[in-house]
Amino acid sequence: MLLKNPPVFLTPRFVTRPEMKSPEAKWALFGPLAVMVLAFISRAIRLGSIKTLVFDETYYVKDAYGLIKRGYEVQWPKDYDEVFLSGQFTLPTQGSFVVHPTVGKWLIGAGMELFGNNPWGWRIAVCLAGAVSVFLLGRIVWHLFGSGKMATLASFLLAIDGVQIALSRTAILDIILEMFILLGVLFFVRDQLSYRPKLLAALQEIDELRHTKKLQSATLQTKPQKPASFREKFGPVFWWRPWLMAAGIAWGLAMSVKWSGLYLVAVFGIFAFIRELTARWATEPKWLASSIITGGIPAFINLVPISGVVYLLSWASWFVHPQGWGHTPGGNVLSDWWKYHEQILNFHTTLESDHPYKSNPWGWLLQLRPTSFYYEKVAGDCGKDQCIQSVTSLGNPLLWWLGFLAFLAVMVAAFAFLDWRAGLILAGYFATYGPWLIYSNRTIFTFYTVVISPFVVLSLIYVLGIMMGAWRVSADKNWTGRYNLVPAPYPVNQGLIWGGLAIVAVILLAAVFFFPIWTGMTIPQGQFYWRMWLPSWI
């Protein structure tokens, strides 16, 4: 979109990213690292205070225990939680039908091996995964925008989101899924930062070669002596893209936690192809063929096969344990594995059982129906009121509501001004949120938004960065052949900076206010209802 007199933040200009030894780069490393440590401590305190299996911990903790002891998930008797908690039980040997791969459960099981079959052992892996995710988001912001202080702020905002805190203290798979998703996004960003300048420089070189040959031919009025090479016809090809391959490995691990990790491979693969199109259509005569043959195919080879290999390897323990569910005596193990996947797919696409906290994904971005994990009346000194403990996966409402408005601004920046950084944030939404809209009739829950939460923060950080003068809305047309460029900062009114800080302050105050019901603190029942701002939150 072209404006006659655009505001400064819409005037594209780039600067070189601060060097690794600069104060800004140190902010970008040690700021998110410090927030990660604080996030871990805030989650680890009272991590084992709730002694029972919370919500879906009844499945994943016991599955994890079976994995580390038998090498496969076992079929536990019905209503067996109390016996399991006592530690006085005989471990079953019969394999159990489970609908999620094993990597997340192996990590939960590793915590149980280190700390025992107790609440701390169940939850330490998710606590660490949540803290690492805080760090990874800060690094993503640093590589996208080159601002260490805003990278630290991004980590901080993710650290004080309620769905992050609740799921960092509950031994279920989604926070581990998020960690691998963010690791893959970080690697994908690194790929784009290293690959795109090389691609644009090569495209310019080839285009100049074509023009030179055309000019020589016109001057001499003869046809070129040599036919055009494959490179001249279809553009440059880069077969080795290690950062993209690393993203494939990370997202393969995400797929090995939950199948929804597959959407990251698909959506970001499409995004990478769109980036090829936007680079090649300006110079390549056969721009579509060029984008597919010398752009899309090499990218596919670097990204997709490795993610499939990682996923297949995650089933190694099942392959070597014929007692695991789905093996048929004397049957073909690959055929059994495929049939198992057919049954898992059928489960995921047909589950429509009723549940009091079933939610429609159209309300997720506003946190309209959070999932209650735990609510118990407990003894304590609450005056005339009843003491209760509650764990609800409600996202920080001010973060999510402001993030929704920022999401709309990001869409404008991506589609109207072709800022690829905004496009990458949207790709994150499409991958982590979009597919659930297709399955809105299924039994699904708002706590799945834990993997959307980083992109909500990225949306808000994107807008705050513009508002506070940290960067501009910029397409990357002037990137050709140059590395480590980030959108330039620009001077802003101090009032805008204070306004941005005020937004952060009210989000922090909301986090302090809601923290007791994210972490199961003992509070009077009346204070619980103070925090139920919407009837649908109860």
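Fair warning: this is a prediction, and the values are worked out from it, not measured in the lab.

Draft legend 1. The overall build of the protein, seen in detail. Broken down by element type, the protein carries 20 helices and five strands. Computed over the C-alpha atoms, the radius of gyration of the protein is 26 Å, within 12% of the 24 Å expected from 2.2 N^0.38 for a compact globule of 538 residues. Projecting the C-alpha coordinates of the protein onto the three principal axes gives extents of approximately 95 × 70 × 45 Å. Taking all 538 residues of the protein together, 55% fall into the buried category. Pairs at least 24 residues apart make up 77% of the contacts formed inside the protein by residues separated by at least 6 positions. Total accessible area computed for the protein in this model is approximately 23,700 Å², and 67% of it derives from carbon and sulfur atoms. The averaged location of the 29 negative side-chain charges in the protein is 9 Å from the averaged location of its 43 positive side-chain charges.

Draft legend 2. Just the side chain of Asp174, in detail. For Asp174, the position within the fold is in helix 8 (residues 174–220). Asp174 gets classed as buried once you look at its relative accessible area, which sits at 3%.

Draft legend 3. Local environment of helix 18 (residues 453–467). Across its 15 residues, helix 18 extends 21 Å between first and last C-alpha, which sits within 8% of the 21 Å expected from 1.5 Å per residue. Phi for Gly469, located one or two positions after helix 18, is positive at around 80°.

Draft legend 4. Examining the environment of Asp79 more closely. With respect to the element layout, Asp79 can be found in the loop between helix 2 (57–70) and helix 3 (81–86). For the pair formed by Asp79 and Thr58, sequence separation is 21 residues and the distance between their alpha carbons is 9.4 Å.

Draft legend 5. Representation of helix 5 (residues 119–145) within the structure. Taking 1.5 Å of rise per residue, 27 residues should cover 39 Å, and helix 5 covers 40 Å from first to last C-alpha, within 8% of that figure. Taken as a whole, helix 5 carries its principal kink of about 30° at Ala125. Of all 27 residues making up helix 5, 24 are buried, and the element is well covered by its neighbours. For helix 5, the side-chain oxygen to backbone nitrogen distance between the N-cap and Trp120 is 3.1 Å, and the N-cap itself is Asn118. Immediately downstream of helix 5, the backbone of Gly146 shows phi near 75°, a positive value.

Draft legend 6. The arrangement of the sheet that holds strand 2 (residues 372–378) in detail. Spatially, the three strands line up as an open sheet ordered 2-3-5, and their pairing is antiparallel. Both outer strands of the open sheet, strand 2 and strand 5 (522–524), are each paired with one neighbouring strand and no more. Strand-to-strand twist in this sheet, taken as the mean axis angle between neighbours without regard to direction, amounts to 35°. As paired elements, strand 2 and strand 3 (residues 387–392) share six bridges and run antiparallel to each other. Pairing of Lys377 across the sheet is with Ile388, part of strand 3. Across the face of the sheet, helix 19 (residues 494–519) comes into contact with strand 3 and strand 5 while running at roughly 90° to strand 3.

Draft legend 7. Quick look at the nonpolar core. Core analysis: the largest hydrophobic core is formed by 146 residues, its most contacted members being Leu157 and Tyr462. Examining the composition of this core, we find that 13 residues originate from one element, helix 8, more than from any other. With sequence-adjacent residues up to four places away left out, Tyr462 is seen in contact with Phe145, Val410, Ala413, Asp419, Ala422, Ile425, Trp471 and Val473. Tyr195, Leu199, Leu200 and Leu203 belong to the second-largest nonpolar core, a separate cluster that totals five residues.

Draft legend 8. Structural detail: the layout of surface pockets. Considering only enclosed or pocket space, the largest pocket measures out at about 1,500 Å³ in volume. If you trace the largest pocket, you find 49 residues lining it, with Tyr60, Val99, His100, Phe347 and His348 closest to the centre. No other element matches helix 14 (residues 333–350), which puts eight residues into the lining of the largest pocket. In terms of residue class, the lining of the largest pocket is made up of 26 nonpolar, twelve polar and eleven charged.

Definitions and limits used
Residues numbered from 1 in each chain as written. Predicted model: local features only at pLDDT ≥ 70, side-chain atom pairs only at ≥ 80, totals over all residues. Heavy atoms only, no water. Helix = DSSP H or I, 4+ residues; strand = E, 2+ residues; numbered from the N terminus. Rg over C-alpha atoms; globule rule 2.2 N^0.38 Å. Buried < 20%, exposed > 50% of the residue type's maximum accessible area, 1.4 Å probe, protein only. Contact = heavy atoms within 4.5 Å. Areas by Shrake-Rupley, 256 points an atom, 1.4 Å probe, with all protein chains shown as cover. Lys, Arg positive; Asp, Glu negative; His and termini not counted. Charge placed at Lys NZ, Arg CZ, Asp CG, Glu CD. Expected span 1.5 Å × (residues − 1). Bend = angle between axes of the 7 residues up to and from the residue. Polar contact = N/O pair within 3.5 Å; in protein donor to acceptor, adjacent residues only side chain to side chain. Pairing = 2+ DSSP bridges. Axes fitted to C-alpha atoms, helices over the stretch in contact; angles between N-to-C directions. Core = buried A, V, L, I, M, F, W, Y, C linked by side-chain atoms within 4.5 Å. 1 Å grid on protein atoms, 1.4 Å probe; cavity = no way out; pocket = protein on both sides within 12 Å on 5 of 7 lines; lining within 4 Å. Points joined across faces, edges and corners; volume = space filled by probe spheres on them. Nonpolar A, V, L, I, M, F, W, Y, C, P; charged D, E, K, R; others polar.

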